[in-house]
Amino acid sequence: MISREDFQRGLRTELVGKRLFVFESIDSTNTCAKTLADAGTEEGIVVLADVQTAGRGRLDRTWNSEAGTNLLFSLLLRPELPIERTGLLTFFAAVSVCRALETFIGNLVECKWPNDLLLNGKKICGILLETSLRNAKLEYAVMGIGLNVNQKHFEGDLEMNATSLIRELGTEFDRRQIFRAILVEMDTLYKDVLRCSFGRILEEWNRRCRMFGRPVTVAMESSHVSGTAIGLEADGGLIIRTGSGLQTVRAGDVSLPL
Ligand code: BTN
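Residues numbered from 1 in each chain as written. Predicted model: local features only at pLDDT ≥ 70, side-chain atom pairs only at ≥ 80, totals over all residues. Heavy atoms only, no water.

Engineer: Explain the pattern of salt bridges to me, please; I cannot follow it from the model alone.
Structural biologist: Two side chains that carry opposite charge are able to pair once their charged atoms sit near each other. If you walk through the whole model with that rule in mind, you get 23 salt bridges. Between R195 and D192 there is a salt bridge; the shortest N-O distance is 3.1 Å. R195 gets classed as exposed once you look at its relative accessible area, which sits at 56%. Here the residues in one salt-bridge network are R99, E102, E185, E204 and R208, joined through shared partners. (Salt bridge = Lys/Arg side-chain N within 4 Å of Asp/Glu carboxyl O. Buried < 20%, exposed > 50% of the residue type's maximum accessible area, 1.4 Å probe, protein only.)

Engineer: Is there a simple way to explain the site of the ligand in this structure?
Structural biologist: What surrounds the ligand is a group of 21 residues, the closest being S28, Q52, R56, R58 and K123. Contacts to the ligand include R58, whose backbone N or O atom sits 2.6 Å from an oxygen atom. Where the shell around the ligand is concerned, the elements lending two or more residues are α2 (29-38), β3 (71-77), β6 (122-134) and β7 (137-147). In terms of residue count, β6 provides more of the shell around the ligand than any other element does, four residues in total. Taken together, the residues of the shell around the ligand sort by class into six nonpolar, 11 polar and four charged. (Near = heavy atom within 4 Å. Polar contact = N/O pair within 3.5 Å; in protein donor to acceptor, adjacent residues only side chain to side chain. Helix = DSSP H or I, 4+ residues; strand = E, 2+ residues; numbered from the N terminus. Nonpolar A, V, L, I, M, F, W, Y, C, P; charged D, E, K, R; others polar.)

What follows is the structure, given as structure tokens:
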């Protein structure tokens, strides 16, 4: 049985996870964190669950995860950021997870625009950033993390495209240790976010990204852009050199030819 004490024991953070809500089962940790945020809950709270009955991914997709094997949690933050920089919170979360994972596995985790982390070319983690704006200001942000830790089998196409720590490294991992390590990295990097200083976060994200200089296609709702990925815009958009010049895309699914 999942317990708050187990996941919080020995956690040395100033803000992130100081209050932790733990559920055996919940619809979605992001939905719960947003409800708490709307009720005025302070920043830094984390909602963690063993299983989600309505886990959500980007672009209205569902996020399925086997009960009791992975990490499913959401962090509520209330930084004072210009609206055009709020998208960078995905990069803050991505780099925090990479840093933590790398201390366990010893290899670099790959960042794939906009919100995926890959291990050996397969998706191991997805990040769902949801924000609330009030009077043209960021009221709060909820960052949902779905990290595959000890799940051995995936359904359908995911069997080919998704992975987990146990699949790549052949050994079971202690979810509590990984969870605490991620919160510690988030706690550290959040100080940069509060100063609206994303230089180190973006530099680290870029270092872990293998898309730049390579041909990519970004599929959007009703169109697509093909060209060479050049780098990131200041707001986190992806700059692509196309046949007709530079174009920045701000949402979509990237595919890279093999
Ligand atoms: C994606 O890759 O599309 C993002 C997936 C994010 C999944 C996590 S699991 C915890 C949190 N709660 C949710 O409902 N979604 C996020």
